[in-house]
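Spelled out, the chains give:
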Amino acid sequence: MLKGHQSWLFEKRPSIRGAATVVGPFEGQGPLANDFDIIHGDIRLGQDSWEEAERTLLEEATKLAVENAGLTKEQVNFFIGGDLMNQIISSSFAARTLSIPYLGVFGACSTSMESLAIAANLVNSGSAKHVLSSACSHNSTAEKQFRYPTEYGSQKPPTAQFTVTGAGACVVSAHGKGPCVTSATIGRVIDMGISDPFNMGAAMAPAAVDTIEAHFRDLRIGPDHYDLIVTGDLSKVGYEIANDLFHKHKIPMQKTVYKDCGMMIYDYEKQTVQAGASGCGCSAVVTYGHLLKKLRNNELKRILVVATGALLSPISFQQGESIPCIAHAVSIENGVE
Amino acid sequence: MSSSKKKKLTPVQQEYQELAKKREPARPIWQNCIRAFLSGGVICLIGQCVSEMFVHWAGFDEIEASNPTVAVMILISVILTCLGVYDKIAQWAGAGSAVPVTGFANTMASAALEHRCEGLVLGVGGKMFKLSGPVIVFGTVAAFFIGILHWIFNPGEAGGH
């Protein structure tokens, strides 16, 4: 049901019946290692190319999510997914393997919550019983497509971010135990004229703040409604800017806990990741691995996940275009009413 | 950012960029310079040692020794690239490992490795010069203009014939 200007309220409370996360070796060395279902030791996953490796990550995550939901893939009505590759090949090719009716979405790194919001809406409106929602990214495919060959020796500035190798998937169902998706806010595209692809946190922060503000306005709630609000992949630089903007817009974020997925997945002391993590997989594996676990354990009751995406292409930044950004927010509550 | 681009920004965008700029950690320029000086120096020292080896042990004179020395440096760089070490060194060394011939070898080897899965012709052959191509193109262009200057100012020595 439409609520306010750009938000959906899911009054039937579709639940996240099962979820799964699959990550690469570097993420497995980070502080959230225990929350992931599968940690691969080989960044290529034994495949011939980086692209195949990314697809395999997603295939494993989706299959495991369906299994964890206690379903078979024939029972899942729709599969919604997206990634960072040109023509979202990882998701489409995984959909070929799954052969579940498929909707491909692209919202750059905001894809994780974009697909979850659409999945929840389909289930809430009665258009589907079970929907599989996913997002994935791979450090090497992203480096190869957006930056330089992976083995090329270039010095990254301190604002750069490290793309997460990981896939997260969940099954949203009309009935079933598990945390519920209660509302979503679809963001608008915000462009503040930042054109440095090594400073995406600064480019994306205004989009995150805009969506969070819209969410509070549409649902007539404040930050204190949530135990935790996380942004997708702003990392150190974007996180600080977002805090500045909240202060400037007089949003009392001090009433809740505000974190960023991009700052949670790696250990800054031991791992060279500059400002932090990024990529579709970042918010997906943190949400579906770490945060869902905390919701199930009752450590958290109500969270808002705001996945942020930079909608640039390798061509657009070479042509000197600025980076348009977007953020989608989804609120998740644990089953207890 | 150029001033022509800045003019197109709205006042809100400009205000935001000023705010964002304050939160942006600066590149550590002095640290990068010192590291580049040290690492570039070490690479050149290794090169000099290799050159001396050719002179003292293999009977080359100093000019003849330069070609096999470059070949050895390129080989070392390609091996380090293939082992996945060169990019790690480069994050520390910066320009120190990018400017010497080892950096050039790294651009070609890394691109060839990366695109190997797209086939030998269009992958390795076509994409190998993705990063090193500009160096060759503008190096040749620069050499052409320097050649002209050389021809104008030192007419007696230029041309070779």
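Criteria and thresholds
- Residues numbered from 1 in each chain as written.
- Chains lettered and ligands numbered in written order.
- Predicted model: local features only at pLDDT ≥ 70, side-chain atom pairs only at ≥ 80, totals over all residues.
- Heavy atoms only, no water.
- 1 Å grid on protein atoms, 1.4 Å probe; cavity = no way out; pocket = protein on both sides within 12 Å on 5 of 7 lines; lining within 4 Å.
- Points joined across faces, edges and corners; volume = space filled by probe spheres on them.
- Nonpolar A, V, L, I, M, F, W, Y, C, P; charged D, E, K, R; others polar.
- Helix = DSSP H or I, 4+ residues; strand = E, 2+ residues; numbered from the N terminus.
- Buried < 20%, exposed > 50% of the residue type's maximum accessible area, 1.4 Å probe, protein only.
- Contact = heavy atoms within 4.5 Å.
- Pairing = 2+ DSSP bridges.
- Right-handed = clockwise from strand over helix to strand, strands pointing away.
- Salt bridge = Lys/Arg side-chain N within 4 Å of Asp/Glu carboxyl O.
- Buried area = accessible area lost by both parts, 1.4 Å probe.

Chain B carries the name Stage V sporulation protein AC in an unreviewed UniProt entry, which gives Paenibacillus mendelii as its organism.

As annotated in an unreviewed UniProt entry, chain A carries the name Stage V sporulation protein AD and comes from Paenibacillus mendelii.

Student: Explanation requested: empty space enclosed by the protein in the structure shown.
Tutor: One way to see where empty space is left: roll a probe the size of a water molecule over the atoms. Residue and element names in this part refer to chain A. Here the structure, examined in full by the defined rule, presents three cavities of 30 Å³ or more. Looking at the largest cavity, its volume works out to about 120 Å³. If you go around the largest cavity, you meet 13 residues; those closest to its centre are Leu84, Cys109, Phe146, Met200 and Leu312. Its residues assigned to classes, the lining of the largest cavity comprises nine nonpolar, three polar and one charged.

Student: When you look at the environment of Val164 of chain A in this model, what are you seeing that I'm missing?
Tutor: Residue and element names in this part refer to chain A. Its place among the elements puts Val164 in the loop between strand 8 (161-163) and strand 9 (166-173). Assessed through its relative accessible area of 0%, Val164 is described here as buried. Residues Val164 and Gly281 lie 117 residues apart in sequence; the distance between their C-alpha atoms is 5.7 Å. When near neighbours in sequence (up to four residues on either side) are disregarded, Val164 contacts Glu27, Ser137, His138, Asn139, Ile265, Tyr266, Ala277, Ser278, Gly281, Cys282 and Val285.

Student: Help me understand the pairing of strand 11 (residues 228-231) of chain A in this model?
Tutor: Remember that side chains alternate between the two faces of the sheet whenever the strand is regular. Residue and element names in this part refer to chain A. Covered by surrounding structure in strand 11 are Leu228 and Val230 together with Ile229 and Thr231, the residues of both alternating faces. Of the strand pairs in this sheet, strand 11 and strand 12 (residues 257-260) are connected by four bridges, and their pairing is parallel. Bridging from a neighbouring strand, Ile229 pairs with Tyr258 of strand 12. Between strand 11 and its parallel partner strand 12, the chain crosses via helix 7 (residues 235-248), and the hand of that crossover is right-handed. Note that strand 11 and strand 14 (residues 302-310) share four bridges and pair parallel. Looking at strand 14, one finds that Leu228 is bridged to Ile303.

Student: Explain the pattern of salt bridges here, please?
Tutor: Any two side chains of opposite charge can pair, on the condition that their charged atoms come close. For the structure shown, the criterion picks out 16 salt bridges over all chains. Here Arg13 of chain A and Glu333 of chain A are joined by a salt bridge, their closest N and O atoms 3.2 Å apart. In this pair, Arg13 of chain A sits in the loop between strand 2 (7-9) and strand 3 (15-23) while Glu333 of chain A sits in strand 15 (residues 325-333), placing the two residues 320 residues apart along the sequence. Take Arg13 of chain A: its relative accessible area is 23%, and that puts it in the partly exposed class. For Glu240 of chain A, the salt bridge goes to Arg23 of chain B, with nearest N and O atoms at 3.5 Å. Taken together, the residues Glu240 of chain A in helix 7 and Arg23 of chain B in helix 2 (residues 11-23) connect one chain to another. Residue classification places Arg23 of chain B among the partly exposed residues on the basis of a relative accessible area of 33%. One network of salt bridges, with partners in common, ties together Glu51 and Lys144 of chain A together with Glu118 and Lys127 of chain B.

Student: I'm lost on the interface of chain A and chain B in this one. Help?
Tutor: It is common to report an interface's size as the accessible area lost on association of the parts. Between chain A and chain B, the residue contacts involve 36 residues of the former and 38 residues of the latter. Approximately 3,000 Å² of surface area, both sides summed, lies buried where chain A meets chain B, with 55% of it carried by carbon and sulfur atoms. Together, Glu151, Gln155 and Met192 of chain A form the three largest contributors to the area buried by chain A at its contact with chain B, with a combined 24%. Summed over the shared surface of chain A and chain B, the result is four salt bridges. The salt bridge involving Arg23 of chain B is made with Asp244 of chain A; its shortest N-O contact spans 2.7 Å. Of all elements in the fold, only helix 2 (50-68), helix 5 (139-146), helix 6 (200-219) and helix 7 of chain A reach the threshold of two or more residues within the side of chain A that touches chain B. With six residues, helix 7 of chain A is the largest single contributor of residues to the side of chain A that touches chain B. Per-class residue counts for the side of chain A that touches chain B are 14 nonpolar, 13 polar and nine charged.

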